[in-house]
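The chain contents come next:
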Amino acid sequence: MGIFSSWRKRAGDQAPAARSSKEPATAPADTEEPTPAEQTTTPSVTDNHSANNEHSSSSPDSTDSSDEAAEDLFPDEPTDTSQPPNQQTLADPLVGMLIDDRYRVNQLLARGGMATVYVARDERLDRLVAIKVMHPHLAASDNFVQRFRREARAAARIIHPSVVSVFDQGVVAGSGYLVMELVDGPNLRSILNREGALPLGRALAYTESILHALSLAHRTGVIHRDIKPENVLVPADGPVKVADFGLARAASDVSAATTGSVLGTVAYIAPELVTEGEPDARTDLYALGIMLFELLTGHTPHENRTAMQVAWAHVHEDIPAPSTVEKWIPTEVDEFVCALTARDPIDRPHDAQAALDHLVRLRAELPDSLLAQRSDVGPKDVEDLTDQIRLRGETVALPVSDRSSQRIRTKAPTRKKKRRTPVLIATILTLLIAAGAAFSWWWFEYGPGSYIPVPQVVGVTSEDAIDTLKALNLSVQRDDAFDDDVPANIVISTVPGPDEKVHKNGTVTLIVSKGVEMIEVPDLIGTDGSEFEDTLTAARLTPGEVTEEYSETVEKGLIISTDPSPGQSIKHHSTVTAVVSKGREPITIPNVVGISEDEASSTLTDLGLQVSTSEEFSDDVEAGLVISQDPVADEIRYRSDSISLVISLGPEMTTVPNVVRMTEDEAVAALEARGLVVNIERVFAQFGRVVMVEPGVGTEVRVGSTVTIRMV
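Residues numbered from 1 in each chain as written. Predicted model: local features only at pLDDT ≥ 70, side-chain atom pairs only at ≥ 80, totals over all residues. Heavy atoms only, no water.

Caption draft 1: Region of the structure containing helix α10 (residues 281-297). Look at α10: 25 Å from first C-alpha to last across 17 residues, which is about the 24 Å you get at 1.5 Å a residue. Of all 17 residues making up α10, 16 are buried, and the element is well covered by its neighbours. Gly-298 sits one or two residues past α10 and shows a positive phi near 85 degrees. (Helix = DSSP H or I, 4+ residues; strand = E, 2+ residues; numbered from the N terminus. Expected span 1.5 Å × (residues − 1). Buried < 20%, exposed > 50% of the residue type's maximum accessible area, 1.4 Å probe, protein only.)

Here is the structure:
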């Protein structure tokens, strides 16, 4: 400890000259740890103000935020530490030193209450690294050194893109040191101070990376214990990185063993650490939930209270949902944050992997437009927020209740004075009355007495619920939501829930039913049947059975009809069926030749064909029967197509004309004109006249029949 002891002694003697011109005027460059006695009697702040590290490997210690960071990681010369004229600059004794014949210390990066971080070059592997050197007052505890080494070995086993890697450990000048990955980028505290609240998608992405790191650490048995923006680094590329695994545990365990108190960053400390001092994996999830609340809203819960008030609130008050600060934050994110920050560890996710699985599903369900939204909380002036930064980012020592090691000392009895003046008695009574009045005022205005149970208004009308709440002087906010079971205008639920506590001047949110959500069936007639399912799903309706029918008017593949019909209002998620066209129905033409006209027409009409007929004489086909058809049998036609039938009139008939006394030529001409065949018989043939016709004149015969005439 020699080199550090003399350095710290000289630093104390020459404090004004040793302070860098860049350091804040409100705090020294480093703060000595309080003595055990101080830690036991009152909670004390043991770390410095947050620094806006633009390049860092980790915070200066696991429970402290760093001082101002070096402005450039890769200078040709050490960081400028020039002082005003007539002031002497105190050189850091480690800068320029070669540690373990391997690590050449280039410059100071940051300093806190537990450790100092330097930029060094690993001359064996020719790379820049960060070296964290624990302060000498910690080295005086053999218990801490042993725990420091054990936790460092455990942290070195965590190899993950979202974890700052630990490469080596050792001892220099009596103080333990860690060699760590050098990360080019700011910590989350710097980003919050510079940008304000982050967009929802970015905040969830950072949280997911941290959960990946915590999941691996928890599986290897390492609990971080000090998750906060100061311990999350944001490189220029790649995922965020969590620093200082296990170091908070080493420091806090030693503090608990020696002072009866535990160390923790009060804004993020879990209730079980305050009451019992025993952390587990769910302790990290609580701190992560607080940090996500801060990334979304720009503020931590209970931000404007003292350290002890905040610790009391963690134990006795639920963390509010982020939407109570920023109304646009969705319910799903509220539920996730509240699950992480449940006061009872049993109500939190059982480990980081369970929380990670929940978050992955949550991010996938949120639309891009919502992920891009952010709270209207802008950058902060760090110099004007010293107290808030101290409360959010610094570590305090908190007494742990129910520890057997704590003792109460009593004073030895003293001889009672015989006289007590009336003035003294009156003063004491006055003070007691004033204290009682002040306590009563606090109890009923801000303490537990100021909280009342939320009345049971679930299941009543919104008007009755509002009247009930306003009668208790509670403010009311109404949110409407569809519900399949609760009738319209009836209260579905309240936030906070029935019988939960709310401040007597607080606000109760009523979730009021809008009834069953009704959706109008979209007009899908004539649209492509292949898009039926997607269209209905987008309309939040359930696609039902799709059947096919032939249609003479609707093209094949298009929707003919839906049930329910377009424009009808139905319950959301109701089933809608559709009929899709198969196009025109094909028909195989039957053979109707040889059957009666009526039978043929009926057969063809029943098939949906249009029938047309014509008539012809036929010597072979009986009258009234079909002689022929067009198209012929077995050809393919479609409904409404035409088919022509030729109907038989039977054989064509004529009567034998009177050709008696006609000349041969006249008789032949008259008979052939009737379609008859003439047979001539001649007897003497002296006169050249017809004397007889067979069959006789006027006889009805078929056209084409033979008629015999006799000539004389």
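Still more ground to cover, so stick around.
Caption draft 2: Layout of the environment of Leu-214. Its location among the elements puts Leu-214 in helix α7 (residues 200-219). In the structure, Leu-214 is positioned 54 residues away from His-160 in sequence and 9.9 Å away in space, judged by C-alpha atoms. In this view, Leu-214 contacts His-224, Ile-227, Phe-245, Asp-284, Leu-288 and Ala-352; residues no more than four positions away in its chain are not counted. (Contact = heavy atoms within 4.5 Å.)

Caption draft 3: Region of interest: the sheet that holds strand β5 (residues 166-172). Spatially, β1-β2-β3-β4-β6-β5 is the arrangement adopted by the 6 strands of the open sheet, whose pairing is antiparallel. Of all the strands in the sheet, the pair left with one neighbour each is β1 (98-99) and β5. Pairing between strand β3 (residues 115-122) and strand β4 (residues 127-134): 8 bridges, direction antiparallel. Each residue of the ladder has a partner; that of Thr-116, found in β4, is Val-133. (Pairing = 2+ DSSP bridges.)

Caption draft 4: Representation of a positive patch on the surface. On the surface, a cluster of positive charge is made up of Arg-149, Arg-150, Arg-153 and Arg-157. Turning to its location among the elements, Arg-149 is positioned in helix α5 (residues 142-156). Exposure remark for Arg-149: the relative accessible area of 37% places this residue in the partly exposed category. (Patch = residues over 30% accessible without salt bridge, like charges linked within 9 Å, V, L, I, M, F, W, Y side chains within 5 Å. Areas by Shrake-Rupley, 256 points an atom, 1.4 Å probe, with all protein chains shown as cover. Salt bridge = Lys/Arg side-chain N within 4 Å of Asp/Glu carboxyl O. Lys, Arg positive; Asp, Glu negative; His and termini not counted. Charge placed at Lys NZ, Arg CZ, Asp CG, Glu CD.)

Caption draft 5: Representation of the pattern of salt bridges in the model. What the rule picks out here adds up to 24 salt bridges. Measuring nitrogen to oxygen at the nearest pair gives 3.3 Å for the salt bridge that ties Glu-181 to Lys-241. Residue Glu-181 is found in the loop between β6 (175-180) and α6 (188-195), and its partner Lys-241 is found in strand β8 (residues 241-242); the two are separated by 60 residues along the sequence. When sorted by exposure, Glu-181 lands in the same class as Lys-241, which is buried. Here Arg-305 and Glu-317 are joined by a salt bridge, their closest N and O atoms 3.3 Å apart. Taken together, the residues Arg-305 in the loop between α10 and α11 (307-316) and Glu-317 in the loop between α11 and α12 (331-340) connect sequence positions 12 residues apart. The class for Glu-317 is buried, based on a relative accessible area of 14%.

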